[in-house]
Amino acid sequence: MSTQPPVLDDAVFQVDREHSGLRLAVLATFVVVWLIVFFVVSSLIASEGPSLLAVIVGFAVAYGATLLAERYLKGVWVSGRTVRIDRTGVEMLLKGQRQAQILSEDPARAVLWRFVIKKRARIPKGWSMFACALTAEDQNLCVYTFMPPNKVDPFARKATFPLLEPKKSRTLNDDDREDLRLAGEQKRLREAENMRWVTGAEMTQEDFIAFIDVLYQRYSEWMPTPK
């Protein structure tokens, strides 16, 4: 006789740990530390004009100070934005004020997708973005994360996240129903990706995986099945 797995506990996830305020503070730390070190080292070196050594030392010290400041700030300066999932549904809050809510009784639908980062920016090239958007009537709630290549294949639910293809990567044949179906799927994924840019909340890899697991256990009717 088979038994159902236990429903996971209610959970609250802190999101957007690298929020705009933290990024600005980290940038300001780098600039201020570099300027201070540059002028101190320059004053100790008898030379005319800017000193290359002062520039190099300033960058090295500022880089180290920035890493320490970022690590510390991530632990104490939260964005105030959270995602809660429980028996009543899923909601996103900003400092206690509800931004979005999907109720357990809503005829909600989850859209899952992923893509590989092609250009190096804040996220290293070759990493993958995984996202989940919940929609119900006029409510939308979207969360996402970034994973390094060595974490993608071990992700047990990877198969439920279709790949968002680059634009114009597929040539459609009007008589090919499979192509038309895939084109419709890609359109839905692009609409969801646009939503992510506007309202998406970034999670850590561990929190995102836990969030998806809770959704599949509590609200499996919302979730897609592996193809």
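Sequence positions are assigned chain by chain, starting from 1 and proceeding in written order. With pLDDT at 70 or above as the cut-off, local features in this predicted model cover only qualifying residues; side-chain atom pairs require 80 or more to be listed or tallied, and sums for whole chains, interfaces and linings still use all residues. Neither water nor hydrogens contribute to the side-chain values; these are computed over all heavy atoms in the structure.

S.K.: Just give me the short version of the nonpolar core, but keep the residues and values in it.
M.R.: Among buried residues, those of type Ala, Val, Leu, Ile, Met, Phe, Trp, Tyr and Cys that are joined through side-chain atoms within 4.5 Å constitute a nonpolar core. When a residue's accessible area, from a 1.4 Å probe over protein chains only, is under 20% of the maximum for its type it is buried; when over 50% it is exposed; and in between it is partly exposed. Judged by nonpolar contacts, the single largest core of 33 residues is most densely connected at Val90, Cys132, Val143, Phe211 and Leu215. Elements with a contribution of two residues or more to this core: strand 1 (11-14), strand 2 (81-86), strand 3 (89-94), strand 4 (97-103), strand 5 (109-116), strand 6 (128-136), strand 7 (139-147) and helix 5 (205-218). Segments assigned H or I by DSSP are reported as helices when at least four residues long, segments assigned E as strands when at least two residues long, and all are numbered from the N terminus. With 6 residues, helix 5 is the largest single contributor of residues to this core. Filtering out sequence-adjacent residues up to four positions away, Val143 remains in contact with Val83, Met92, Phe130, Ala131, Cys132, Ala201, Met203, Phe208 and Phe211. The next biggest cluster of nonpolar side chains, apart from the first, holds 15 residues, and it includes Ile117, Phe146, Leu189 and Ala192. By definition, residues are in contact when any of their heavy atoms lie within 4.5 Å.

S.K.: Please provide a residue-by-residue account of helix 5, values included.
M.R.: An α-helix turns once every 3.6 residues. As a result, residues three or four positions apart point the same way. Along its 14 residues, helix 5 runs 20 Å from first to last C-alpha, staying within 8% of the 20 Å computed at 1.5 Å per residue. For helix 5, the complete set of buried residues consists of Gln205, Asp207, Phe208, Phe211, Ile212, Val214, Leu215 and Tyr216. One fewer than the residue count of a helix, multiplied by 1.5 Å, yields its expected span.

S.K.: Talk me through the sheet that holds strand 6; I want residue IDs and the actual numbers.
M.R.: Spatial ordering of the open sheet is given by 5-6-7-8, a layout of 4 strands whose pairing is mixed. Two strands lie at the open edges of the sheet, namely strand 5 and strand 8 (201-202), each paired on one side alone. Summarising the sheet, strand 6 and strand 7 pair through 9 bridges and their orientation is antiparallel. Along strand 7, the bridge assignment pairs Ala136 with Gln139. In this description, strands pair whenever DSSP reports at least two bridges between them.

S.K.: Explain unusual backbone geometry residue by residue, including any values.
M.R.: One non-glycine residue with positive phi stands out, namely Lys95, at about 50°. With respect to the helices and strands, Lys95 occurs in the loop between strand 3 and strand 4. Phi is positive for Glu137, close to 55°, though the residue is something other than glycine. Among the secondary structure elements, Glu137 is positioned in the loop between strand 6 and strand 7.

S.K.: Which residues make up the confidence of the model for the protein, and what values do they have?
M.R.: Confidence in the prediction of the protein, expressed as mean pLDDT, is 81, and 78% of residues score 70 or more. pLDDT under 50 marks residues 1-7. Its contacts with residues more than four places away, or in other chains, come to 4 contacts. Confidence per residue, as judged by the predictor, is encoded in pLDDT with a range of 0 to 100.

S.K.: Can you break down the sheet that holds strand 2 residue by residue, with the values?
M.R.: The strand order across the open sheet built from 4 strands is 1-2-3-4, with neighbouring strands paired in antiparallel fashion. Of all strands in the sheet, those with a lone pairing partner are strand 1 and strand 4, marking the two edges. Pairwise comparison of adjacent strand axes, ignoring direction, gives a mean angle of 15° for this sheet. Here strand 2 pairs with strand 3 via 6 bridges, running antiparallel. If you follow Ile85 over to strand 3, its bridge partner there is Val90. A fitted line through C-alpha atoms serves as each axis, taken over the contacting stretch for helices, and the angle formed by two N-to-C directions is quoted from 0 to 180°.

S.K.: Pulling in residues and values, what's your account of the packing of aromatic side chains?
M.R.: Here the aromatic set is Phe, Tyr and Trp, taking the six-membered ring for Trp, and pairing holds for ring centres within 6.5 Å; pairs whose planes are under 30 degrees apart are stacked, those over 60 apart are edge-to-face, and all others are tilted. Enumeration over the complete set of coordinates arrives at 7 aromatic pairs. Ring centres of Phe13 and Phe211 lie 5.9 Å apart, and the angle between their planes is 80°; this geometry places the pair in the edge-to-face category. Placement of Phe13 in strand 1 and of Phe211 in helix 5 is noted, with a sequence separation of 198 residues between them. For the ring pair Phe155 and Phe161, a centre distance of 5.6 Å and an interplane angle of 45° mean the geometry is tilted.

S.K.: Could you give me a rundown of a nonpolar patch on the surface, with the residues and numbers involved?
M.R.: Patch rule: a residue counts if its relative accessible area is over 30% and it has no salt bridge; like charges are joined within 9 Å, and nonpolar side chains (Val, Leu, Ile, Met, Phe, Trp, Tyr) within 5 Å. Here, Shrake-Rupley sampling with a 1.4 Å probe gives the accessible areas, and only protein chains in the shown set may cover a residue. Salt bridge, as used here: a side-chain nitrogen of Lys or Arg that lies within 4 Å of a carboxyl oxygen of Asp or Glu. Together, Leu24, Leu27, Val31, Leu35 and Phe39 line one region of the surface with nonpolar side chains, adding up to about 490 Å² of accessible area. Here Leu35 is to be found in helix 1 (residues 20-44). Owing to a relative accessible area of 35%, Leu35 belongs among the partly exposed residues under this scheme.

S.K.: Can you lay out the pattern of salt bridges for me, pointing to particular residues and giving the numbers?
M.R.: Considering all chains together, one arrives at 5 salt bridges under this definition. The salt bridge involving Asp86 is made with Arg84; its shortest N-O contact spans 2.9 Å. Exposure remark for Asp86: the relative accessible area of 10% places this residue in the buried category. Given the relative accessible area of 29%, Arg84 is considered partly exposed. The partner of Arg98 in a salt bridge is Glu91, and the shortest N-O contact between them spans 3.0 Å.

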